[in-house]
Amino acid sequence: MSAATTPFTQSALSKFWNSPTGPKTVFFYCPWVKWGIVGAGLKDLTRPAETISASQSVTLATTGLIWARYSTQIVPVSYNLMTVNLFVGCTGLYQLFRIWSFEQQQLQKEQGQMEGRRQSSMKIENSAVNLGFGPV
């Protein structure tokens with residue numbers, strides 16, 4: 001930087017270009033590429049819950065949250081990287097919630113069916129007793 005160019009006379013574009021997280025560094029491009037993973041995760045929200053991989057969702061949630069923390073500890077701090085990793089982690093956590101919710105609904109359906117079978121077998125037993133056949 002020459003003596004004639006001070007931080008006050010630099011343009012915003014020049015500051016952005018020469019920033020430690022600007023387009024001349026990997027800190028600029030990595031988060032933008034990683035937003036593609038977030039896009040894929042958001043696209044998966046339209047998939048039925050039974051087709052979502054729990055292990056993949058755990059992995060995305062874990063790595064997203066770990067790297068969000070890491071991106072605040074590196075120099076230079078990359079807030080874009082932190083944000084994209086938070087989105088990856090949150091998308092993974094939401095998918096895990098969808099899987100859990102689907103499995104709970106399936107359990108309730110199974111318990112309801114079992115209760116219905118138990119009640120119908122009780123009716124059959126009561127009918128047999130009423131007809132004089134004794135306990136079944």
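Residues numbered from 1 in each chain as written. Predicted model: local features only at pLDDT ≥ 70, side-chain atom pairs only at ≥ 80, totals over all residues. Heavy atoms only, no water.

A word on the side chain of Ser57
Okay, step 1: Position of Ser57 among the secondary structure elements: in helix α3 (residues 54–70).
Okay, step 2: A polar contact is formed between the side chain of Ser57 and the backbone oxygen of Ser53, at a distance of 3.0 Å.
Okay, step 3: Leave out the neighbours within four places in its chain, and Ser57 touches Ile52, Gly92, Gln95, Leu96 and Ile99. (Helix = DSSP H or I, 4+ residues; strand = E, 2+ residues; numbered from the N terminus. Polar contact = N/O pair within 3.5 Å; in protein donor to acceptor, adjacent residues only side chain to side chain. Contact = heavy atoms within 4.5 Å.)

Examining the environment of Arg69
Okay, step 1: Note that Arg69 resides in helix α3.
Okay, step 2: In this structure the C-alpha to C-alpha distance between Arg69 and Met82, which are 13 residues apart in sequence, comes to 7.2 Å.

Considering the nonpolar core
The tendency in soluble globular proteins is for nonpolar side chains to be buried as a group.
Okay, step 1: In this structure, Val38, Ile74, Leu81, Val84 and Val88 together form the largest nonpolar core, which totals five residues.
Okay, step 2: In terms of residue count, helix α4 (residues 79–130) provides more of this core than any other element does, three residues in total.
Okay, step 3: Sequence-distant contacts of Ile74, that is, excluding residues within four places in its chain, are made with Phe27 and Leu81. (Core = buried A, V, L, I, M, F, W, Y, C linked by side-chain atoms within 4.5 Å. Buried < 20%, exposed > 50% of the residue type's maximum accessible area, 1.4 Å probe, protein only.)

A look at the packing of aromatic side chains
Okay, step 1: The tally for this structure, following the rule as stated, stands at seven aromatic pairs.
Okay, step 2: Members of the aromatic cluster, each reached through a chain of ring pairs, are Phe16, Phe28, Tyr29 and Trp32. (Phe/Tyr/Trp six-rings, centres within 6.5 Å; stacked < 30°, edge-to-face > 60°.)

Things to note about a nonpolar patch on the surface
Okay, step 1: A cluster of nonpolar side chains, namely Leu42, Leu45, Tyr94, Phe97 and Trp100, defines an oily patch on the protein surface of about 520 Å² accessible area.
Okay, step 2: With three residues, the single largest contributor to the nonpolar patch is α4.
Okay, step 3: With respect to the secondary-structure elements, Leu45 resides in the loop between α2 (26–43) and α3.
Okay, step 4: The class of Leu45 is partly exposed, set by a relative accessible area of 33%. (Patch = residues over 30% accessible without salt bridge, like charges linked within 9 Å, V, L, I, M, F, W, Y side chains within 5 Å. Areas by Shrake-Rupley, 256 points an atom, 1.4 Å probe, with all protein chains shown as cover. Salt bridge = Lys/Arg side-chain N within 4 Å of Asp/Glu carboxyl O.)

A few points about unusual backbone geometry
Okay, step 1: A cis geometry characterises the amide bond from Val75 onward to Pro76, with omega recorded as 5°.
Okay, step 2: As for its position among the elements, Pro76 is in the loop between α3 and α4.

What to know about the pattern of salt bridges
Okay, step 1: Counting across every chain of the model gives one salt bridge.
Okay, step 2: The closest approach of N and O atoms between Asp44 and Arg47, which form a salt bridge, is 3.6 Å.
Okay, step 3: With relative accessibility at 21%, the residue Asp44 sits in the partly exposed group.

Observations regarding the environment of Ile99
Okay, step 1: By secondary structure assignment, the location of Ile99 is in helix α4.
Okay, step 2: Exposure remark for Ile99: the relative accessible area of 10% places this residue in the buried category.
Okay, step 3: As a C-alpha pair, Ile99 and Ser53 span 46 residues in sequence and 8.5 Å in three-dimensional space.
Okay, step 4: Those residues in contact with Ile99 that lie beyond four places of it in its chain are Ala49, Ile52, Ser53, Ala54 and Ser57.

Here we look at the confidence of the model for the protein
Okay, step 1: Here the protein averages 85 in pLDDT, while 81% of its residues score no lower than 70.
Okay, step 2: α3 holds the highest mean pLDDT among the elements of the protein, 95, whereas α4 holds the lowest, 84. (pLDDT = per-residue confidence, 0-100.)

Thoughts on α3
Okay, step 1: With 17 residues, α3 should cover 24 Å at 1.5 Å per step; its first-to-last C-alpha distance of 24 Å lies within 8% of that length.
Okay, step 2: Here α3 has its buried residues at Ser57, Ala61, Gly64 and Ala68. Projected down its long axis, α3 shows its buried positions confined to an angular sector of 70°, all on one face. In α3, those exposed residues whose orientation departs by more than 90 degrees from the buried face are Ser55, Ile66 and Arg69. (Expected span 1.5 Å × (residues − 1). Arc of directions from axis to C-beta.)

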